[in-house]
Amino acid sequence: MNSLSKNLTLFRVFFSISAVALGGGLTMLPIMSKEFVEKRGWLSDNDMLDTVAVMQSLPGIISINMAVLIGYRVAGITGALFSALGVILPPFVAIILLAMFLTKLDDNETISHIFLGVRAAVAAMILLSAIKLAKQALKNRLAEAIAIFGFIAMVFFEMNAILLVVIGALVGLSAAYLPLLFKSSETEEPPAK
Amino acid sequence: MKILLLYSLFAKISLFTFGGGYAMIPLFQDELVTKGQFLNEAEFANMVALAQVTPGPIGLNAATFIGYSQAGFLGSLAATLGLATPSFLLTMLAAIFLHKFKESALMKNLLSGIRPAVVGLIAAAVVFFANTSVFSAPLNSLWTQGRQFGLCWQGVLIFVLTLFLQKKLKVNMFGILFLSALLGWLLFLV
């Protein structure tokens, strides 16, 4: 298979996944391993595991990150570009078409009631994914404390979300490196008994 | 000018979003509603709800929508590209240095603090949506004017039903969103 047709296949597969994937991100994973591992044999199961591990530690849009990692693995930089374009295009076109017709969303009472219903359902969906994530991410007291602090700061004190992420990163770093610092100073001058 | 502003705003949001989708909502809210005042709370909540109903990654959908509402087609393009740029560049770097990146202790330690912060962020996004559906007034108004705070029974019903349908019966998202829209309409006729 030459590289252009590989690139086009990447584009086509990511385009169709993005066009149907509700919620995006990790929901795309099973379809991708079917397409790239089982059907085409372009990647191994380990490649997929690597992709997931790296993708979750990068900022940005999960599905773009995933497309770039897989596209690059399959066909280098052009592969990454074609894959990313495949992910971006369907929602872009669909939403622009929708937005052209829906400029005002709150026009009448019925529509605002319908949206109230959807917002209540979205709140419940996000709660479920927050619980799932909490089970994975909150493995010690410190992690629990960061999450609770973040929640309270956001909801009651209108803390900036970016600031919260930065604070989390700093706490993570201090928890890992500060003990080392203290350890090395302890060996120099042992604490008085 | 607005186009550039949209591009840089969404690039900034993308750079600080870990965990995708839902984790992005509070960042959108901060930058676009609270600070930028591009949208009010209700408009923003509706756009996110709509981004949820339409296929495709929720962050991209919301960016395209918000970009369009601010500056038409070019606004959409700027917002989408802004969101995609950090994602693309950083992931490219990670793909090239995959093995070094995967085993980097620095990255691991950074993430050990960022992940729990993101859990807090996502939990806060629940309250954001509940504020205009399940609760009759924003939760943080309990603080200042506790008497106004209450529940909206229609919202509570849809919220609880969704938890049940998704968790116990594994109903798919399309079905749930359609049902919730229908119930939103019907319950208020009662």
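A brief report on the enclosed structure follows. (Residues numbered from 1 in each chain as written. Chains lettered and ligands numbered in written order. Predicted model: local features only at pLDDT ≥ 70, side-chain atom pairs only at ≥ 80, totals over all residues. Heavy atoms only, no water.)

Another point: the overall build of chain B. Across its full length, chain B holds nine helices and zero strands. Helices and strands in chain B line up, N terminus first, as α-α-α-α-α-α-α-α-α. In terms of overall dimensions, chain B has a C-alpha envelope of 60 × 40 × 40 Å along the principal axes. By residue count, 54% of the 190 residues in chain B fall in the buried class. Put simply, 47% of the contacts in chain B that link residues at least 6 apart link residues at least 24 apart. Averaging the positions of the 11 positive and the 5 negative side-chain charges in chain B gives two centres separated by 11 Å. (Helix = DSSP H or I, 4+ residues; strand = E, 2+ residues; numbered from the N terminus. Buried < 20%, exposed > 50% of the residue type's maximum accessible area, 1.4 Å probe, protein only. Contact = heavy atoms within 4.5 Å. Lys, Arg positive; Asp, Glu negative; His and termini not counted. Charge placed at Lys NZ, Arg CZ, Asp CG, Glu CD.)

The description of two helices packed together rests on the angle between their axes and the distance between the axes. For the pair helix α5 (residues 109-137) of chain A and helix α3 (residues 41-53) of chain B, the least separation of the axes is 10 Å and the interaxial angle reads 70 degrees. With respect to α3(B), the axis of α5(A) lies roughly perpendicular. Our pair here, α5(A) against α3(B), has a crossing hand that is left-handed. For the pair formed by α5(A) and α3(B), the contact residues are A:Phe115, A:Val118, A:Arg119, A:Val122 and A:Met125 on the first element and B:Ala45, B:Asn46, B:Ala49, B:Leu50, B:Gln52 and B:Val53 on the second. Of the residues contributing to the contact of α5(A) with α3(B), the split by class is eight nonpolar, two polar and one charged. (Axes fitted to C-alpha atoms, helices over the stretch in contact; angles between N-to-C directions. Parallel < 35°, antiparallel > 145°, perpendicular 65-115°, else oblique. Left-handed = near helix turned anticlockwise from the far one by under 90°. Nonpolar A, V, L, I, M, F, W, Y, C, P; charged D, E, K, R; others polar.)

With 112 residues, the main nonpolar core has A:Ile64, A:Ile70, A:Ile126, B:Phe10, B:Phe28 and B:Phe44 as its most contacted residues. Broken down by element, the residue count for this core peaks at 15 residues, all from helix α4 (residues 62-101) of chain A. Counting residues domain by domain, this core receives three or more from each of domain 1 (1-106) and domain 2 (127-193) of chain A. Those residues in contact with A:Ile126, other than ones at most four positions away along the chain, are B:Tyr22, B:Ile25, B:Ile122, B:Ala125, B:Val126 and B:Phe129. (Core = buried A, V, L, I, M, F, W, Y, C linked by side-chain atoms within 4.5 Å. Domains from an automatic or database assignment.)

Listed per partner, the contact involves 100 residues of chain B and 85 residues of chain A. Around 8300 Å² of area is buried between chain B and chain A when both sides are counted, 79% of it from carbon and sulfur atoms. Area buried by chain B at its contact with chain A is led by B:Asn46, B:Phe88 and B:Val119, which between them contribute 7% of it. Between chain B and chain A we count zero salt bridges in total. Inspection of the region where chain B meets chain A yields eight residue pairs in polar contact (both at pLDDT 80 or more). Taken together, the elements giving at least two residues each to the side of chain B that touches chain A come down to α1 (2-15), α2 (24-35), α3, α4 (58-96), α5 (98-103), α6 (105-131), α8 (153-167) and α9 (173-187) of chain B. (Buried area = accessible area lost by both parts, 1.4 Å probe. Salt bridge = Lys/Arg side-chain N within 4 Å of Asp/Glu carboxyl O. Polar contact = N/O pair within 3.5 Å; in protein donor to acceptor, adjacent residues only side chain to side chain.)

With that out of the way, let us pick up the pattern of salt bridges. All names here are of chain B. Counted by the stated rule, this structure contains five salt bridges over all chains. Of the charged contacts, one joins Lys12 and Glu31 as a salt bridge, the two residues approaching to 3.2 Å between their closest N and O atoms. Residue Lys12 is found in helix α1, and its partner Glu31 is found in helix α2; the two are separated by 19 residues along the sequence. Judged by its relative accessible area of 34%, Lys12 is partly exposed. With a closest N to O distance of 3.2 Å, Glu31 and Lys35 form a salt bridge. Here Lys35 and Glu31 lie together in helix α2, a separation of four residues that amounts to about one turn. Take Glu31: its relative accessible area is 4%, and that puts it in the buried class.

A word on a nonpolar patch on the surface. Residues and elements named next belong to chain A. Together, Phe15, Leu85, Leu89, Val93, Leu97, Met100 and Phe101 make up a nonpolar patch on the protein surface, roughly 670 Å² of accessible area in all. Looking at which element gives the most residues to the nonpolar patch, the answer is α4, with six residues. One can find Leu89 in helix α4. (Patch = residues over 30% accessible without salt bridge, like charges linked within 9 Å, V, L, I, M, F, W, Y side chains within 5 Å. Areas by Shrake-Rupley, 256 points an atom, 1.4 Å probe, with all protein chains shown as cover.)

Further remarks concern the packing of α1(B) against α2(B). All names here are of chain B. Relative to each other, α1 and α2 sit at 145 degrees, their axes nearing to 9 Å. As for how α1 packs across α2, the hand of that crossing is right-handed. Where α1 abuts α2, its residues Leu9, Phe10, Lys12, Ile13 and Ser14 lie against Met24, Leu27, Phe28, Glu31, Leu32 and Lys35. Grouping the constituent residues of the contact of α1 with α2 by class yields seven nonpolar, one polar and three charged.

On to the environment of B:Val127, then. Within the element layout of this structure, B:Val127 appears in helix α6. Excluding its chain neighbours within four sequence positions, the residues that come into contact with B:Val127 are A:Phe151, A:Val155 and B:Leu139.

Let's shift gears to the side chain of A:Arg119. Mapping A:Arg119 onto the fold places it in helix α5. Using a relative accessible area of 8% as the deciding quantity, one classes A:Arg119 as buried. The residues touching A:Arg119, leaving out its near neighbours within four places in the chain, are B:Ala45, B:Asn46, B:Ala49, B:Phe129, B:Thr132 and B:Ser133.

Note that every value here comes from positions in space, so none of it alone points to a role or purpose.
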